[in-house]
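Structure at a glance
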Amino acid sequence: MRAEKTTEETEPGAWIERFHGLSSLSPAVKATLIAETRVARVPKDTVIFGPGKAPENLLLLLEGTVRVQQTSESGREVFLYRVNAGESCVLTTACLLGYEEYTAEGVAETDLVAALVPRATFDELIARSPEFRRFVFAAYSRRITELFRVIEEVAFRRIDLRLAQKLLKLAGPDRVLNATHQSLALELGTAREVISRQLQEFQRRGWVELGRGTIQITAPAALRRLAEDGGGR
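Quick look at the structure, then. Fair warning: this is a prediction, and the values are worked out from it, not measured in the lab.

On to the sheet that holds strand 8 (residues 176-177). Strand order in this open sheet of 3 strands is 8-10-9, and the pairing throughout is antiparallel. Sheet topology places strand 8 and strand 9 (208-210) at the edges, where each strand pairs with a single neighbour. In this sheet, strand 10 (residues 215-217) lies alongside strand 8 in antiparallel orientation, the contact comprising 2 bridges. When the sheet's bridge partners are listed, Leu177 is paired in strand 10 with Ile215.

This is the structure in structure tokens:
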């Protein structure tokens with residue numbers, strides 16, 4: 001069945017209004033951006049970029065989420081960040097600015113709709129438009145700050161606190177997560193065995209019930225106390 005077209009696909013340039021900073025561009029710069037940018041659909045699980053490849057476009061996400069992850073020398077995948085609708089990818093921006101190749105992988109977690117700004121247009125507008133430069137560098141700065149927060153958490157924050165926080169964040173209204181131990185390990189930048197041990201401890205305390213590919217939160221208040229203040233320890 002053919003997917004219905006979005007407003008951004010049927011009305012050229014409508015996507016610009018989704019990004020704070022682009023709607024205030026001068027008419028000439030906005031016209032260039034609209035004329036050169038294409039809106040594309042990307043199916044779930046597509047590898048959008050990977051190590052050793054140079055970016056061809058600045059990706060501005062309109063719908064869906066992209067997971068950016070890196071694989072260590074030992075083969076372990078480490079989650080870095082997500083790109084959500086209304087955001088750009090900081091790694092793509094860095095590689096475009098520095099004429100570098102990617103060092104990580106971006107995967108479509110859902111079906112995507114994205115505006116793709118070609119490298120040549122990106123270079124032209126960076127040189128020509130102070131407003132476009134501010135948009136690019138403001139988004140870049142926010143993402144770099146978030147990345148440092150992720151690094152700090154992985155390096156210094158206890159895994160039980162981080163896991164409790166992640167479970168509460170990902171749980172649906174029914175307090176159930178459809179997640180494997182491996183997927184949680186990827187999210188938190190640790191090994192599956194570490195997550196399994198910690199989940200078993202949570203289950204022993206009566207905080208969760210573990211199923212096949214599911215986790216039921218049975219004591220959200222206890223998990224929240226742990227996530228917020230270490231359980232008073």
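The 4 strands lie next to each other as 2-6-4-5, forming an open sheet whose pairing is antiparallel. The sheet is open, and its two edges are formed by strand 2 (47-49) and strand 5 (77-84), each paired on a single side. When strand polarity is set aside, the average angle formed by the axes of neighbouring strands in this sheet is 30 degrees. Here strand 2 runs beside strand 6 (residues 105-108); their pairing, made up of 2 bridges, is antiparallel. Opposite Val47, over in strand 6, you have Val107 as the bridge partner. Here helix 7 (residues 181-188) sits on the sheet in contact with strand 4 (65-71) and strand 5, set at roughly 75 degrees to strand 5.

This part is about helix 9 (residues 220-229). Along an α-helix, residues three or four positions apart point the same way, because every turn accommodates 3.6 residues. Of the positions making up helix 9, those classed as buried are Pro220, Ala222, Leu223, Leu226 and Ala227. End-on view of helix 9: buried residues confined to an arc of 165 degrees, all on one side of the axis. In the core, the buried residues of helix 9 are packed alongside helix 6 (159-170), helix 8 (192-204), strand 9 and strand 10.

Okay, the packing of aromatic side chains next. Applying the stated criterion across every chain yields a total of 6 aromatic pairs. Ring centres 6.3 Å apart and planes at 40 degrees place the aromatic pair Phe132 and Phe135 in the tilted group. With Phe132 and Phe135 both in helix 5 (residues 130-156), this residue pair falls 3 residues apart, about one helical turn. Judged by its relative accessible area of 1%, Phe132 falls in the buried class.

Secondary-structure assignment places Arg119 in helix 4 (residues 119-128). Of the side chains with opposite charge, Asp123 lies nearest to the buried Arg119, which makes no salt bridge, at 4.3 Å. Polar side-chain contacts of Arg119 include one of 3.4 Å to the backbone oxygen of Leu96. In contact with Arg119, not counting residues within four places along its chain, are Pro55, Glu56, Asn57, Cys95, Leu96 and Tyr99.

Here strand 4 pairs with strand 6 via 4 bridges, running antiparallel. Directly across from Val68, in strand 6, lies its bridge partner Gly106.

In the contact formed by helix 6 and helix 8, the axes pass within 11 Å of each other and the chain directions differ by 75 degrees. On the basis of the axis angle, helix 6 is roughly perpendicular to helix 8. Between helix 6 and helix 8, the contacting residues are Ile159, Asp160, Leu163, Ala164 and Leu167 on the first element and Val194, Ile195, Gln198, Leu199 and Phe202 on the second. In terms of residue class, the contact of helix 6 with helix 8 is made up of 8 nonpolar, 1 polar and 1 charged.

Positive phi is not limited to glycine here, since Asp45 has a value of about 75 degrees. With respect to the helices and strands, the residue Asp45 is situated in the loop between strand 1 (38-42) and strand 2. Its identity as a non-glycine residue notwithstanding, Tyr99 has a phi of 55 degrees, on the positive side. Here Tyr99 shows up in the loop between helix 3 (90-98) and strand 6.

What follows is about the environment of Glu209. Note on placement: Glu209 falls in strand 9. Overall, the relative accessible area of 45% leaves Glu209 in the partly exposed class. In the structure, Glu209 is positioned 10 residues away from Leu199 in sequence and 8.9 Å away in space, judged by C-alpha atoms. If near-sequence neighbours (up to four positions away) are discounted, Glu209 is found in contact with Gln203, Thr214, Ile215, Gln216 and Thr218.

Definitions and limits used
Residues numbered from 1 in each chain as written. Predicted model: local features only at pLDDT ≥ 70, side-chain atom pairs only at ≥ 80, totals over all residues. Heavy atoms only, no water. Pairing = 2+ DSSP bridges. Helix = DSSP H or I, 4+ residues; strand = E, 2+ residues; numbered from the N terminus. Axes fitted to C-alpha atoms, helices over the stretch in contact; angles between N-to-C directions. Contact = heavy atoms within 4.5 Å. Buried < 20%, exposed > 50% of the residue type's maximum accessible area, 1.4 Å probe, protein only. Arc of directions from axis to C-beta. Phe/Tyr/Trp six-rings, centres within 6.5 Å; stacked < 30°, edge-to-face > 60°. Lys, Arg positive; Asp, Glu negative; His and termini not counted. Salt bridge = Lys/Arg side-chain N within 4 Å of Asp/Glu carboxyl O. Polar contact = N/O pair within 3.5 Å; in protein donor to acceptor, adjacent residues only side chain to side chain. Parallel < 35°, antiparallel > 145°, perpendicular 65-115°, else oblique. Nonpolar A, V, L, I, M, F, W, Y, C, P; charged D, E, K, R; others polar.

Just distances and angles here, no functional claims.
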